[in-house]
There are 2 protein chains.
Amino acid sequence: MDSTSFFRFLFLSLAVFALLLFTRTCLHLLAPADGKLDLLDCTSSYFWCTSKNRIQSMQPASSSVTRPKTSSSPVRDHSSDVPSHPLDPLTVREMTVARSMVLSQTPFSNAPSAVIFHSLALAEPDKSAVEAWSIGGPSPARRASVVARFRGEPFALSVDLDSGAVTALPVPPSGYPTMTVDDMTTSSVAPLSSSAFNRTIIARGVRLSDLACLPLSPGWYGAAEEGRRVVKVQCYTAEGTANFYMRPIEGLTVLVDIDTMEVVEISDKGRSIPIPKAEGTEYRYEAVAAAGRGKDAVAALGLKPISLEQPAGPSFEVDGGGHLVRWAGWEFHLKADSRAGVVVSRARIRDPESGEWRGVMSRGYVSELFVPYMDPTEAWYFKTYMDAGEYGFGLQAMPLVPLNDCPRNAHYMDGVFAAADGRPFVRENMVCLFESYAGDIAWRHSESPITGMDIREARPKVTLVARMAASVANYDYIIDWEFQTDGLIRVKVGLSGILMARGTEYSHLNQIPQNEESYGTMLAENLVGVIHDHFVTFYLDMDIDGANNSFVKVDMTRQSTKEGESPRKSYLKATRRVAKTEKDAQIKLNLYRPAEFHVINPSKTTKVGNPVGYKVVAAATAASLLDLDDPPQRRGAFTNNQIWVTPFNKSEEWAGGLFVYQSQGDDTLATWSERDRPIENKDIVVWYTMGFHHIPCQEDFPIMPTVSASFDLKPVNFFERNPILLAPPNFEKDLPVCMAAAEE
Amino acid sequence: MDSTSFFRFLFLSLAVFALLLFTRTCLHLLAPADGKLDLLDCTSSYFWCTSKNRIQSMQPASSSVTRPKTSSSPVRDHSSDVPSHPLDPLTVREMTVARSMVLSQTPFSNAPSAVIFHSLALAEPDKSAVEAWSIGGPSPARRASVVARFRGEPFALSVDLDSGAVTALPVPPSGYPTMTVDDMTTSSVAPLSSSAFNRTIIARGVRLSDLACLPLSPGWYGAAEEGRRVVKVQCYTAEGTANFYMRPIEGLTVLVDIDTMEVVEISDKGRSIPIPKAEGTEYRYEAVAAAGRGKDAVAALGLKPISLEQPAGPSFEVDGGGHLVRWAGWEFHLKADSRAGVVVSRARIRDPESGEWRGVMSRGYVSELFVPYMDPTEAWYFKTYMDAGEYGFGLQAMPLVPLNDCPRNAHYMDGVFAAADGRPFVRENMVCLFESYAGDIAWRHSESPITGMDIREARPKVTLVARMAASVANYDYIIDWEFQTDGLIRVKVGLSGILMARGTEYSHLNQIPQNEESYGTMLAENLVGVIHDHFVTFYLDMDIDGANNSFVKVDMTRQSTKEGESPRKSYLKATRRVAKTEKDAQIKLNLYRPAEFHVINPSKTTKVGNPVGYKVVAAATAASLLDLDDPPQRRGAFTNNQIWVTPFNKSEEWAGGLFVYQSQGDDTLATWSERDRPIENKDIVVWYTMGFHHIPCQEDFPIMPTVSASFDLKPVNFFERNPILLAPPNFEKDLPVCMAAAEE
């Protein structure tokens, strides 16, 4: 078998495997746990089983594919899930009920199969209802929030699961809902219906069976692009590599109408650009090792196994409903979400002095992303993704790989989402939860010989991490919510995966004419990594000891001393300024005008009088350099400041707007904030944007190692004293003995 | 025994223990390994045994003190160490020889006991000599670098250990050498010789036996403070707590002449300020737990043991000489240093494609710190520490605590430094080296169902950490050099320890008059945490594939599109600018004028033509806000930019100058850089300053949890492709089975 045939074989095998996997999931849901569940039908109407995707026309090649070991835990059965907490996501049963309720409404009942569900998820009860609820007590009314389209018209619906009442809510002025997975898979093969497309593919020397196409959101660039839900499809060849991203068919863009699957327009300008070689692009370990590079190299690295061990088991608990987590004084609710990826709710901490539960954050999640590429030419200008709202950050989150994506002691949580037909499906192992210990020090102090005291105190740093990883085509985003024993929450974003790269006619830098822009870095012959930014905007509904909070900017400025006051000429002075309205809290970070950003409860102080609070601590970040009037920046205007604060408003959840696909930027955090509403001593939401500039380099070829950044939510005068002292040092006697056992 | 007596007992016990500990070290060195070593004499001339420190006048109280378990490895015997690498530190034997050579020179031979050794360390051979050396081959000539004082006069000497030649080098125009530990311990008890001092202490209700005093470097504030080596001593009471830092005797400052131990001046203005209470300040785990808070709280936290396990042992090797480390393709030399703390030299990485060893960094270490406090009043204005040059970052590094400061699998390295009399002493377990795995992901990619490929690839992130922790009185600085498998070096600084706090007459914020500044945050009754900054400046002699490198600033700017060029109005464009001279490379970071900072080898490119390089990636940092003409900022002028680049110069090692104690800022990185020397295609040194603003909060009471920041040295077009693929995934089969064993 030559290598070409091998990869084709592999490809076809994977196709079969993918079908088997989805089918298995369906079958799993089909199995009725109590005999009543009969709505999940893995027939031709169920898209996971039947969606036209790019591999459907291929012949099954082999049945020798075995399932890779991705989980040591048995598949969880969700068919009989019942909610045990008001914030628990809709169960399979509830989703089924909600779907039926919607479909039975006018006008949907006229043509139920024409209803496309873009989302079907829990409509969370009011905070006060959650606050009033206690474990085992009656739950607040369960409601579903539905975004659907029917004959081209969008609907935002609220469904009362008890009464069956379906209420229509206002929809945004522009844009479309998040694409369904069906939209994406179907549109990515739509170009094959065009003979012109097929001809150009063949003319470029690519076999149709090697084609890998991606549905790229088009952004919005003025009136000409309105009134039609479209996607831009670009293709690659997977010949000789699983890493087709490194083999772009450059300059070929197919505009597809998502609703009709019609090919609207083909732009085909890159015919002179060779497709970059497959050589050196493969990334799968087995293939790398088989190719003779990996195994030798690994031997040269000489890495021996390393493992995080907890012989007595993990220290966290997850309640019966599977979403309420308790660890080291923390309690929070954790769930998968098809748009946000993962949502952390009602994070509370038990005060070590008083024993009371104290509120920290009511809700935190990735609200939107903005990923503009920096190439203004025809095949690239539109690439200004808003991944959460366009693709669904949760929909794109694949199962985590035990021992690689999360350590051995991790606990996994599934996502249950609605397909385009409103039926539930399960995304296994989508979220993991584990304790981490990197050998770091939470606190230490040694006395120096100067004082004559021989003191060596130290506390190791053990944290709890909740993780989700979304693979939005080439890019993999790893989102960690990390809880510390001292009350700090670190939110970390890791960017990993594979670059989006451009074909070029050049194979060496010295061939590029002096004044020609390459918009990136040449990574290999005929391949350029294009410069781009990533912005990730977090929604942080902080509720410090209750809902009514204030935002305080603590400015640090140079203060000059008065003549004769001091041998010093200057010092740094901190001045607290309470933000009265939203515009007071539109924050642009500046190294030379530093500040702290506190969310305080103005009604509660420590014994000596400091208001209790948490601060948002920015770390490395980046600001968008685009023109404020550039269409993508208008849509991504929520990145115009790094911090914003708004009054809590149920309809303001998504920084780019509820409908961001082809949106015009008329419904973003920036437009809400311009209303300049009062925010002092109110229920407020903090929005923080983390940014990354990415100029590719050769180390991003053929894969891109994880780059991380984080920000902290850190207690500031929240506790009377630091609770970390109360965590034990890692005395030897408390440690497992498996090292000793292994040595015997 | 009441609690007061208990703590006094404890205090005295510790004193005895400290004496025992130092004595033990002496005795250890006394034991001749080969019968020839006879210079280490633990008699009255050896300061570790005899120095007057604050506890010398106390009576031994008890012999019941047992040594806490700080190391599971046996004490290493250094008496017969021999250097096995040209960069290995001076051995005990070499230091002894160098000391003799110095003392035999005129004028020192006239009064050898009047020679004070401020440092005695290896004078590193030229790079070319190290480069030419090979393992087992003849070593370049061994030389010692000595800073000494003799009858008030400073000397910088170079000692050729073979020939015995002692050469005098130029000394800086102002300042004094790093204090000796003898200077610090002796001066901190000098005030006791003043009856005025003793009277005011007693008048404040403090027993002399409870007194804990610190020798504070005075900075420099003009002509009145020149011509005399002085220290400012301030005191605390340790009555009822080991955490005397929380019990300041406010407003009492004693100016001591270090050379004569004369009390020059007493400023005593805080008599109306009560000493804050001991209550709630204790931090030692045993004491916290005994007081009834800790054990309950720990039970409430419910933390179970967690451990980094490596059943097959660590993957790194340390050579026979104990300093050359190899791990995962990396090789570097690691050693303790009395001033810098830890020095990483000659970091090289084996190219996974070519197999060749490639240079990355010739030398990296903490060059200086600058820690200005922001209270301009009499007892505080001078607190503008330069910890490395004033106190010795290595001298202040106490032994690391196994399992708390470093995980189980850590390897420990000792420091061997010279005492004030030039004789060597050993600082045990000063540096640790371990592999870390936090459950993080080095790289991952999953294919989404859009492409129909079922791919889940991930590589866990395992790193190698070299760690040192310096305890400069209250503050503990944790310095980590972390090596990754993809060629990245992360340099992390953790700030931990205890705050330096001020007494105040107020016990609640509402007592402070409207316009009165507090210069900080009230932490408890009568206690204010004072605002301050930390700056840590790193020396990074990058040698990318050889010594001759260039510094390239890659500016990212907004580029507007031309009319009709694109639907986009703007994009981010990267422009490379090679720095010709030093002033081109004086970098102030700016979020809105972003840039990358590359060190490249202009003579070597990748296959497609990118110059090979590394980049300095800044993360969270802070800039000094002090007036450039303020005396402390003149001395700390090396913090005026975040990045500087200078041509390599052996005499430019310490960013604040060789002699920073009471220096006037006439010999800093800022003055060197103003020469504006050429730096293109030269052997260049990059200086990076990491900054922290610290507005204290109640969570910093009674101890301050670790706050970390880092920067990266990251390959940029150094490799043809990312080497991380070559690291294996963490397949289950490769993992230890101790979990399974423990469960059986």
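Preceding this paragraph is the structure being described.
This section reports on the structure supplied with the text. The shown structure was predicted, so the numbers you read here are calculated from the model rather than taken from an experiment.

## Description of the interface of chain A and chain B
- Contacts between the two partners involve 199 residues from chain A and, on the opposite side, 199 residues from chain B.
- Here chain A meets chain B over a buried area of about 17,900 Å², counting both sides, of which 61% is carbon and sulfur.
- It is I306(A), I450(A) and R568(A) in chain A that bury the most area against chain B; as a group they hold 5% of the surface buried on that side.
- On inspection of chain A and its partner chain B, the count reaches twelve salt bridges.
- R568(B) is paired through a salt bridge with D630(A); the nearest N and O atoms lie 3.7 Å apart.
- Per element, the largest residue contribution to the side of chain A that touches chain B is 14 residues, and it comes from strand 17 (residues 424-446) of chain A.
- Counted by class, the side of chain A that touches chain B contains 108 nonpolar, 44 polar and 47 charged residues.

## Some points on the environment of V366(A)
Residues and elements named next belong to chain A.
- Topologically, V366 is positioned in strand 14 (residues 357-372).
- For V366, a relative accessible area of 2% puts it in the buried group.
- Along the backbone, V366 and I275 are 91 residues apart, and their C-alpha atoms lie at a distance of 36 Å.
- Ignoring sequence-local partners within four residues, the contact set of V366 consists of A340, F393, I479, V536, T537, F538 and W654.

## With respect to the pattern of salt bridges
- One pass over the structure, following the stated rule, counts 104 salt bridges over all chains.
- A salt bridge links E94(A) to R142(A), with the nearest nitrogen and oxygen atoms 2.7 Å apart. Separated by 48 residues along the polypeptide, E94(A) in helix 3 (residues 92-103) and R142(A) in the loop between helix 4 (127-132) and strand 2 (143-150) bring together distant segments of the chain. Both residues of the pair, E94(A) and R142(A), belong to the buried class.
- Between R444(B) and D476(A) there is a salt bridge, with its nearest N and O atoms 3.0 Å apart.

Rules used in this analysis
- Residues numbered from 1 in each chain as written.
- Chains lettered and ligands numbered in written order.
- Predicted model: local features only at pLDDT ≥ 70, side-chain atom pairs only at ≥ 80, totals over all residues.
- Heavy atoms only, no water.
- Contact = heavy atoms within 4.5 Å.
- Buried area = accessible area lost by both parts, 1.4 Å probe.
- Salt bridge = Lys/Arg side-chain N within 4 Å of Asp/Glu carboxyl O.
- Helix = DSSP H or I, 4+ residues; strand = E, 2+ residues; numbered from the N terminus.
- Nonpolar A, V, L, I, M, F, W, Y, C, P; charged D, E, K, R; others polar.
- Buried < 20%, exposed > 50% of the residue type's maximum accessible area, 1.4 Å probe, protein only.

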